[in-house]
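# Observations on chain architecture
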Amino acid sequence: MPAVVISTHAGQELDAVSDAVDDVNVLKAKIWDSQSKFDSTKDKTTFRQYETACDRVKNFYKEQHEKQTVAFNIKARMEFKSRKRARMGIWQAMEMLNTLVDDSDPDTELSQIEHLLQTAEAIRRDGKPEWMQVTGLIHDLGKLLFLFGSEGQWDVVGDTFVVGCAFSDKNIYPDTFASNPDFHDAVYSTQYGIYEPNCGLDNVMVSWGHDEYLYNVVKDQSSLPAEGLAMIRYHSFYPWHREGAYMHLMNEKDHVALEAARAFNPYDLYSKSDEPCDIEKLRPYYEDLIAKFFPSEIDW
């Protein structure tokens with residue numbers, strides 16, 4: 001296999017995680033879309049406070065909104081199909097990802113591997129099924145795009161949105177889209193743009209980033225169910241699953257995906273303040289879990 005080349009613009013390496021988490025609760029009923037229990041006591045107002053976020057987050061979204069165009073998204077999808085970036089297992093990918101700091105996230109400066117384990121552990125504590133646990137474990141592995149040579153972080157992380165039609169005012173910092181060339185396009189600036197009413201999200205370009213990349217990596221290389229794939233593909237699509245934008249583009253299938261994304265969101269978002277994880281203690285459990293849904297190596 002060819003060696004994996006990590007771009008020199010990779011994020012700084014973070015300190016290793018040393019504290020252990022409490023033992024998981026006895027497994028409860030495996031109903032993946034029941035209300036999450038672990039976050040019931042958390043102060044959710046402290047999360048996603050982008051209006052008071054640091055300057056790097058605001059600057060990030062300004063750049064992202066200016067550069068995520070239809071032309072770029074077509075090019076990014078063509079480039080994805082044109083080459084193989086690496087061949088490796090899931091845990092190896094998690095370790096590689098651990099060099100990235102996500103500028104778009106105001107809620108945490110934890111390492112990426114710690115966030116993945118916190119998410120999976122929160123899902124596990126609530127007694128959710130194994131496929132949802134492994135979905136939580138891998139959901140951010142698409143951020144490897146940054147290490148494989150992205151144009152920046154703006155085409156890897158951050159909230160996603162539809163390109164090819166009018167930018168919704170329910171997107172974060174909607175005024176910054178005015179500098180995007182598509183904002184003034186005669187077609188792209190209309191309600192439906194290049195799409196048809198209720199055409200379905202499978203026929204829509206959501207802005208390219210780690211969600212869409214990872215979905216395309218795992219959809220044919222895993223046995224994850226459709227709900228798990230939707231959680232991966234749309235977990236950053238906040239204007240849709242949180243704010244209710246783009247409903248005019250949905251078909252019947254997308255309502256199941258929407259329920260999945262909403263069920264997953266508390267574990268992605270509110271687990272970030274949990275106690276740090278003992279990686280080596282948890283590793284055997286999650287390597288066994290990975291093996292149930294993935295081969296030993298996959299193409300990236």
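Attention here is on the structure that accompanies the text. (Residues numbered from 1 in each chain as written. Predicted model: local features only at pLDDT ≥ 70, side-chain atom pairs only at ≥ 80, totals over all residues. Heavy atoms only, no water.)

### Some points on empty space enclosed by the protein
Counting across every chain of the model gives two cavities of 30 Å³ or more. As a volume, the second largest cavity reaches approximately 30 Å³. In terms of lining, the second largest cavity is formed by Q64, Q68, W154, D155, V156, V157, G158, D159, T160, S207, W208 and G209. (1 Å grid on protein atoms, 1.4 Å probe; cavity = no way out; pocket = protein on both sides within 12 Å on 5 of 7 lines; lining within 4 Å. Points joined across faces, edges and corners; volume = space filled by probe spheres on them.)

### As for helix α10 (residues 252–269)
Here α10 is 18 residues long and its end C-alpha atoms lie 27 Å apart, about the 26 Å a rise of 1.5 Å per residue gives. Residue A263 marks the point of greatest curvature in α10, where the axis turns by about 25°; the proline P266 follows within four residues. Those residues of α10 lying buried are D254, A257, L258, A260, A261, A263, F264, N265, P266, Y267, D268 and L269. Here the buried face of α10 lies against α4 (112–125), α5 (130–138), α8 (226–234) and α9 (238–241). Where α10 begins, the side chain of N251 points an oxygen toward the backbone nitrogen of K253, at a separation of 3.2 Å. (Helix = DSSP H or I, 4+ residues; strand = E, 2+ residues; numbered from the N terminus. Expected span 1.5 Å × (residues − 1). Bend = angle between axes of the 7 residues up to and from the residue. Buried < 20%, exposed > 50% of the residue type's maximum accessible area, 1.4 Å probe, protein only. Contact = heavy atoms within 4.5 Å. Polar contact = N/O pair within 3.5 Å; in protein donor to acceptor, adjacent residues only side chain to side chain.)

### Brief notes about the packing of aromatic side chains
Going through the model one piece at a time under the given rule, you end up with 13 aromatic pairs. Relative to Y173, the ring of Y61 lies with its centre 6.2 Å away and its plane at 65°, an arrangement referred to as edge-to-face. Of the two residues, Y61 is situated in helix α1 (residues 55–67) and Y173 in the loop between β2 (162–163) and β3 (205–206); the sequence distance between them amounts to 112 residues. There is no split in this pair, since Y61 and Y173 are both buried. Ring geometry for Y234 and F237: centres 6.1 Å apart, planes at 35°, overall tilted. By relative accessible area, Y234 is classed as buried at 3%. For F237, a relative accessible area of 0% puts it in the buried group. Through a chain of ring-to-ring contacts, three or more aromatic side chains come together here, namely Y234, F237, W240 and Y246. Taking NZ or CZ as reference, R124 lies 3.6 Å from the ring centre of Y285, over its face. (Phe/Tyr/Trp six-rings, centres within 6.5 Å; stacked < 30°, edge-to-face > 60°. Lys NZ or Arg CZ within 6 Å of the ring centre and 35° of its normal.)

Nothing here speaks to function; it is geometry throughout.
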